[in-house]
Amino acid sequence: ERRASALLPALDLAQRQNDNWISKEVVETIAATIGVPPIRVFEVASFYTMYNLKPVGKVLLEVCRTGPCCTVGAERILQYIERKLGITVGQTTPDGMFTVRGVECLGACGYAPMMQVGEKYYEFLTESKIDQLIEEFRQNPPETR
C-alpha cells in the first residue's frame, strides 16, 4: 500500500519534533494523517530501534552489541557506561541527560567497539574515550536525530 510508504519519514519527522520520542498520541496523529490504522504505525515504530517509544535523555548512547563489536569489548564498554552513569541499559539518568541502549549492528564492524550518538559514530571505544565523550556531551549535548 502506497500510504504505508510514508510511515518511516513521518515517524522520523514526528520524533524530531517531539523531544526525540513517539508517544501514543503521535502514533494516532500519524495514523490519521496517513490514513492507516494506528496499529500499523505502532508495528513499524516498534520494529526499528531508531524510534523511541518512551522518553529518552538528551543524549542517547547507542552501543553496538553484535558479534564483531562484542569480540573486541563492546559488552565491557556498555558495562562501563552503566557504572559511570549509574543506570542500566534502557534507563535514563535522573537528570534526564543520558539514556544508554544496546543496539544491533550499526555497520561499522571494522571500527569496533563503537556507538552512535545522534547521527555521529564514535569508534574504537575505550574507557578513557567514554570518560571524555560523557564530559563533552554534558558540556555540549549533540543534536538528536
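Just so it is clear, the structure is predicted and the values come from calculations on it, not from any experiment.

Draft legend 1. How the structure looks around helix 6 (residues 127–139). Here helix 6 spans 19 Å end to end across 13 residues, near enough to the 18 Å set by a 1.5 Å rise per residue. By the burial criterion, the buried members of helix 6 are Ile130, Leu133, Ile134 and Phe137. Along the long axis of helix 6, the arc covered by the buried residues comes to 100°, so they all point the same way. Exposed side of helix 6, more than 90 degrees from the buried face: Gln132 and Gln139 are the residues found there.

Draft legend 2. Quick peek at the nonpolar core. Residues Leu61, Ile81, Phe98, Met115, Ile130 and Phe137 are the most contacted members of the largest nonpolar core, which totals 20 residues. Residue assignment for this core shows that the elements contributing at least two residues are strand 1 (59–64), helix 5 (74–85), strand 2 (98–103), strand 3 (115–117) and helix 6. Broken down by element, this core gets its largest block of residues, 5 residues, from helix 5. If we skip the residues at most four places from it in the chain, Met115 touches Leu61, Glu62, Val63, Ile81, Leu106, Lys120, Tyr121, Tyr122, Leu125, Ile130, Leu133 and Phe137. Among the nonpolar cores identified, the runner-up in size contains 15 residues, and Ala4, Leu7, Val26 and Val44 belong to it.

Draft legend 3. A look at the packing of helix 2 (residues 24–34) against helix 3 (residues 38–47). Packing of helix 2 against helix 3 leaves a shortest axis separation of 8 Å and a crossing angle of 120°. With respect to each other, helix 2 and helix 3 are oriented oblique. In the packing of helix 2 onto helix 3, the handedness of the crossing is right-handed. On helix 3, the residues that touch Val27, Ile30 and Ala31 of helix 2 are Pro38, Val41 and Phe42. When grouped by side-chain class, the residues that make up the contact of helix 2 with helix 3 number 6 nonpolar, no polar and no charged.

Draft legend 4. Inspection of the sheet that holds strand 4 (residues 120–122) at higher detail. If you walk across this open sheet you meet the 4 strands as 2-1-3-4, and the pairing is mixed. Only two strands of the sheet have a single partner each, and these edge strands are strand 2 and strand 4. Averaged over all adjacent pairs, the angle separating strand axes in this sheet is 25°, with direction ignored. Here 6 bridges tie strand 1 to strand 2, and the two strands are oriented parallel to one another. Bridge pairing in strand 2 links Cys64 to Val103. The strands touched by helix 5 are strand 1, strand 2 and strand 3; relative to strand 1, the strand with the most contacts, the crossing angle is about 155°. Strands in contact with helix 6 are strand 1, strand 2, strand 3 and strand 4; relative to strand 3, the strand with the most contacts, it is inclined by about 10°.

About the criteria used
- Each chain carries its own residue numbering, running from 1 in the direction its sequence is written.
- Only residues with pLDDT of 70 or above have their local features reported here, since the model is predicted, and side-chain atom pairs are shown and tallied only from 80 upward, although totals for entire chains, interfaces and linings are computed over all residues.
- As a rule here, side-chain values cover all heavy atoms of the structure and leave hydrogens and water aside.
- We count a stretch as a helix when DSSP gives it H or I for four or more residues in a row; a strand needs E for two or more, and each element gets its number in order from the N terminus.
- A helix is expected to span 1.5 Å multiplied by its residue count minus one.
- Between buried and exposed lies partly exposed: a residue is buried under 20% and exposed over 50% of the maximum accessible area for its type, with that area taken using a 1.4 Å probe on protein chains only.
- It is the directions from the helix axis to the C-beta atoms that the arc portrays.
- By nonpolar core we mean a set of buried residues, namely Ala, Val, Leu, Ile, Met, Phe, Trp, Tyr and Cys, connected to one another through side-chain atoms within 4.5 Å.
- Contacts were defined at the residue level, with two residues in contact if any of their heavy atoms lie within 4.5 Å.
- Working convention: axes come from line fits to C-alpha atoms, limited for helices to the stretch in contact. Angles between N-to-C directions cover 0 to 180 degrees.
- Here is the rule for angles: anything less than 35 degrees is roughly parallel, anything more than 145 is roughly antiparallel, 65 through 115 is roughly perpendicular, and the remaining ranges are oblique.
- Should the near helix be turned counterclockwise from the far one by less than a right angle, the crossing is left-handed, whereas a clockwise turn marks it as right-handed.
- The residue classification treats Ala, Val, Leu, Ile, Met, Phe, Trp, Tyr, Cys and Pro as nonpolar and Asp, Glu, Lys and Arg as charged. All others, Gly included, are polar.
- Whether two strands pair depends on DSSP finding at least two bridges between them.

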